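Listed below, chain by chain, are the residues.
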Amino acid sequence: MNLRAELDRRMGEAFAAAGIPAGAAAVVAPSARAQFGDYQANGVMGAAKRMGGNPRQLAEKVVAAAGPILDDLAEKVEVAGPGFINIHLRTEWLSTELTGWLAVSDGRLGIPAPENPQTVVVDYSAPNIAKEMHVGHLRSTIIGDALARILAFTGHDVVRQNHIGDWGRQFGVVILGLWHMCMSRKRQQAGEPDYLVTDGARLAQCNPGEEATLRLLEAIRDRHEADWEADRKEIRGDGELYFRPLLDRFKDKTEEVSFDQLLDAYKFVTSIEDLAKETNLDIPIREEVGEKQEKHWEYPLHPYHQLSRHVAAMLQDYEKLDNRQEFLAWEEARQRSIDKCGEVYDRLGVLLEAEDVRGESDYRDDLPDVIADLAASGKLTESEGARCVFPDGFMGKDGEPLPMIVQKSNEGYLYATTDLAAIRYRRGTGSGLPSWAPADRILYVVDARQSLHFQMLFAVARDPKVNFAPPGVSLEHVGFGTMMGDDGRPFKTRTGGTVKLMDLLDEAEQRAFAFVSERSPDLPEAERRQIARTVGIGAVKYADLSQNRSSDYVFSWDKMLSLDGNTAPYMQYAYARVRSIRRKSLADLTIKDLADLNLEGLDNLSVDRDAENRGVSGSIALAESAERSLGLKLLQFPETIEAVARECLPNILCGYLFELAGAFMGFYESCPVLKAGDEGTRASRLLLCELTARTIKAGLNMLGIETLEQM
């Protein structure tokens, strides 16, 4: 049961019975202090103002009406101050509810299944092909993963989508990089050094416009042209002699290309093109001209610094037989990149899989239809040669309507076009149908700096004339701020470079290992490293998730690895401490005691993880104030999870878990468990410990953070 929602519903009935017009919210919230009850209804003040009455007198009418409505839940409902209403819950009701949670074997901890489950698409992570994941991808990846886990736990059908950047001009660079890799390998077979390494190092030392730079670029260009001319069977540069066979060997795994090699080749090409901008160097390309029988090949010169653009155009026209090798090279680079991202996701404990990848390229065949449908809707406008839509209400700084461009003057498509196609697909109205039901809710976990893009995208998709997203579909930009360094600037390496995500995780584990070794030096090294992995990765994730996602936050190793405050190590330690009570109880209890408690699946000091989802018999009593405080906090778990799912704010769950751990520590210090005065109290408190452990573990699991049985 969502206790807050239930109280809000019942207080709404009391409002109506007291004559308050429909639509006035009861505004029920947990009380800040115990003397004000367990919950407060704060809506009378606003209702009285609208009605022109005395708020305290109106509150007294509500309290009188609430008596029979809340009788089974509340032992006292009273007016406080000028018109607030305090609700004191019945302790026996709290005990019964908590005992019921343990008796049920579904592991849901009181969270009700939704009456109308939704299909929720969570779009997150979204790295680019042939580029290593860096800290800029961290927030989207872990916030999106947490939201997907939470929504799935609440009972919705969650579809994870990794909308990778895998199409467009930059992939001409990727393909050229693979071609250079092929040519360098061929030359190495003849005894030459790997020119990707030797020339790559020389290019790194060059400055634009210098004579030495021009000479090096001319030598690279001349070699490039000679290799391109030699790599053919019939047509100049058809690639059939060397490049196509290498791609086939990559495909059938008889020859390998690593992601690091792909990155080096990518950097080689970008270095050439960046430096060649200051030159007049050109190089022949192959073009088919003429019509039907008059078709023939020509070899015009093309600016060397724009060669990747030409290759990208060949990729875009991949259905042509003579462009097939460009497509095969793109496929290879794409797969290597997806594999590399998978390593990062495995390391982070993120649930994204290869089948969740649906990148920009997957929508390429639907893009002409998107343009056609926009044109048919009457919303498409030509502006300076480009085709765009002017959604209502968006103005530029000059006061003129702001366009969302969907097709460039050269007929190329943009992110907006692909995003519109993605909405159509997720709703089941685009090219190709998803294997899941049409989306009811689509979350885009993307940097807050993209806010304007998504506002305009949603406005176009929702436009009744366009109707890509009908009124019942929720489109939500789950924006987030920037991860900052101690200097208040975006987090960078000491030299100012971008921090690779794998390097960050390596450092997290190394620091956590030192942290664990300092506190538990007698543990075997293998065990310390396992604990360090769990603590280090958990610390990085929790430090982010515990912040309000819309804000920037300062990344601090010392804070995130601290055992004090709202951190992953503190929460993991709190969980391990609760579990230590159970281990001690198992070592001490008689067989009869265990039978009475019915803690199924526990043998000696081991833990049967399947037992977490089985029922436990016995009853919980909340005789002491610390027991009651802990019990009330446990009962607030369902309302917390539903709030996180609704608002997409994982920090609400982090805050709840921190408060729960604090309530448990207060209980543990005030209420002896293993040394309780009688067996009934001991059994009840052990069950309260069991429920606390299950709740902490479930909450951390929803955040994608592992727990430790011992720490």
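Residues numbered from 1 in each chain as written. Predicted model: local features only at pLDDT ≥ 70, side-chain atom pairs only at ≥ 80, totals over all residues. Heavy atoms only, no water.

K.L.:
I'm lost on the nonpolar core in this one. Help?
P.N.:
General note: in soluble globular proteins, nonpolar side chains tend to be found buried as a group. Counting residues in each nonpolar core, the largest one holds 130 residues, and the members touching the most others are M11, L504, F637, L653 and L703. In this structure L703 touches A146, R149, K541, Y542, L545, P650, L653, C654 and L657, once residues within four positions along its chain are discounted. Among the nonpolar cores identified, the runner-up in size contains 52 residues, and F243, F250, A333 and I338 belong to it. (Core = buried A, V, L, I, M, F, W, Y, C linked by side-chain atoms within 4.5 Å. Buried < 20%, exposed > 50% of the residue type's maximum accessible area, 1.4 Å probe, protein only. Contact = heavy atoms within 4.5 Å.)

K.L.:
Would you mind showing me how to read the packing of aromatic side chains here?
P.N.:
Aromatic ring pairs are reported here in terms of the distance separating the ring centres and the angle at which the planes meet. Taken as a whole, this structure holds 15 aromatic pairs when the rule is applied. Between the aromatic rings of F454 and F458, the centroid separation amounts to 5.8 Å while the plane-to-plane angle is 45°, which identifies the pairing as tilted. Of this pair, F454 and F458 are both found in helix α15 (residues 451-462), four residues apart, which corresponds to roughly one turn of the helix. F458 sits in the buried class, given a relative accessible area of 6%. Geometrically, the ring pair formed by F555 and W557 is edge-to-face, given 4.9 Å between the ring centres and 85° between the ring planes. Of the residues examined, F555 reaches a relative accessible area of 2% and is grouped as buried. (Phe/Tyr/Trp six-rings, centres within 6.5 Å; stacked < 30°, edge-to-face > 60°. Helix = DSSP H or I, 4+ residues; strand = E, 2+ residues; numbered from the N terminus.)

K.L.:
Is there a simple way to think about the environment of G165 in this case?
P.N.:
In this structure, G165 sits in the loop between β6 (157-161) and α6 (170-189). Judged by relative accessible area, which is 4%, G165 ranks as buried. With 194 residues separating them in the primary sequence, G165 and G359 have C-alpha atoms 6.0 Å apart.

K.L.:
What exactly am I supposed to notice about the sheet that holds strand β13 (residues 404-407) here?
P.N.:
Strands in a sheet are paired, the pairing made by backbone hydrogen bonds, and the direction either parallel or antiparallel. Strand order in the open sheet formed by three strands is β11-β12-β13, with antiparallel pairing between adjacent strands. The sheet is open, and its two borders are formed by β11 (380-383) and β13, each paired with just one other strand. Direction aside, neighbouring strands of the sheet carry axes that sit 45° apart on average. Across three bridges, strand β12 (residues 386-389) lies against β13 in antiparallel orientation. What sits directly across from C388, in β13, is I405. (Pairing = 2+ DSSP bridges. Axes fitted to C-alpha atoms, helices over the stretch in contact; angles between N-to-C directions.)

K.L.:
It is not clear to me how the confidence of the model for the chain should be interpreted in this structure. Could you clarify?
P.N.:
Caution is warranted with low-pLDDT regions, since their predicted coordinates should not be read in detail. Put simply, the chain has an average pLDDT of 90, and 95% of its residues get 70 or more. pLDDT under 50 marks residues 589-615. Its contacts with residues more than four places away, or in other chains, come to 55 contacts. (pLDDT = per-residue confidence, 0-100.)

K.L.:
What's the story with helix α9 (residues 243-251) in this structure? I'm lost.
P.N.:
At 3.6 residues per turn, the α-helix brings residues three or four places apart onto the same side. Every buried residue belonging to α9 is among F243, L246, L247 and F250, and all of these are buried. Angularly, the buried residues of α9 cover 100° about the axis, an arc narrow enough to put them on a single face. Those residues of α9 that are buried lie in contact with α6 and α12 (324-348). (Arc of directions from axis to C-beta.)

K.L.:
What am I meant to see in the packing of helix α8 (residues 211-230) against helix α10 (residues 259-276) here?
P.N.:
A pair of packed helices is characterised by two quantities: the angle between their axes and the separation of those axes. Their axes nearest at 11 Å, the elements α8 and α10 cross at an angle of 125°. Relative to α10, the element α8 lies oblique. For the pair α8 and α10, the sense of crossing is left-handed. Between α8 and α10, the contacting residues are T213, L217, I220 and R223 on the first element and F268, I272, L275 and A276 on the second. A class-by-class count of the residues in the contact of α8 with α10 yields six nonpolar, one polar and one charged. (Parallel < 35°, antiparallel > 145°, perpendicular 65-115°, else oblique. Left-handed = near helix turned anticlockwise from the far one by under 90°. Nonpolar A, V, L, I, M, F, W, Y, C, P; charged D, E, K, R; others polar.)

K.L.:
Please clarify how the pattern of salt bridges should be interpreted in this entry.
P.N.:
When charged atoms on two side chains of opposite charge get close, those side chains can pair. Under the criterion given, the structure shown has 51 salt bridges. In this structure, E647 and R646 form a salt bridge, with 3.2 Å as the shortest nitrogen-oxygen distance. Here E647 falls in the partly exposed class, since its relative accessible area comes to 39%. Residues R694 and E690 are paired through a salt bridge, measuring 2.8 Å at the closest nitrogen-oxygen approach. Here R694 pairs with E690, and both are found in helix α24 (residues 679-702), just four residues apart, close to one helical turn. With a relative accessible area of 8%, R694 lands in the buried category. Under the relative-accessibility criterion, E690 is labelled buried at 4%. Linked through salt bridges whose partners overlap, the residues forming this network are E6, R9, R10, E13 and D72. (Salt bridge = Lys/Arg side-chain N within 4 Å of Asp/Glu carboxyl O.)

K.L.:
Help me understand helix α5 (residues 138-153), please; the structure alone is not making it clear to me.
P.N.:
Along its 16 residues, α5 runs 23 Å from first to last C-alpha, staying within 8% of the 22 Å computed at 1.5 Å per residue. Most of α5 sits inside the fold, with 14 of its 16 residues counted as buried. At the exit of α5 stands G155, carrying a positive phi of roughly 110°. (Expected span 1.5 Å × (residues − 1).)

K.L.:
I would appreciate a short explanation of the side chain of R528 in the present structure.
P.N.:
By secondary structure assignment, the location of R528 is in helix α17 (residues 525-545). Here R528 is buried and forms no salt bridge, its nearest opposite-charge partner E525 lying at an N-O distance of 5.0 Å. For R528, the side chain forms a polar contact with the main-chain oxygen of L523, separated by 2.9 Å. With residues near it in sequence (within four places) discarded, R528 still touches F513, V516, S517, S520, P521 and L523. (Lys, Arg positive; Asp, Glu negative; His and termini not counted. Polar contact = N/O pair within 3.5 Å; in protein donor to acceptor, adjacent residues only side chain to side chain.)

K.L.:
Explanation requested: the state of the cysteines in the structure shown.
P.N.:
Should the sulfur atoms of two cysteines be covalently bonded, the bond is a disulfide. Applying the stated criterion across every chain, the model contains zero disulfides. Considering cysteine sulfurs only, C671 is the nearest to C689, which forms no disulfide, with 9.8 Å between them. (Disulfide = S-S within 2.5 Å.)

K.L.:
Looking at this structure, how should I read the sheet that holds strand β14 (residues 441-444)?
P.N.:
Strands sit in the order β6-β5-β14-β15 across an open sheet of four strands; the sheet is parallel. Here the strands that pair on one side only, and so sit at the sheet edges, are β6 and β15 (474-477). Neighbour-to-neighbour, the strand axes of this sheet turn through a mean angle of 15°, independent of strand direction. With respect to the sheet, α5 is in contact with β5 (119-123), β6 and β14, its orientation differing from that of β6 by roughly 160°.

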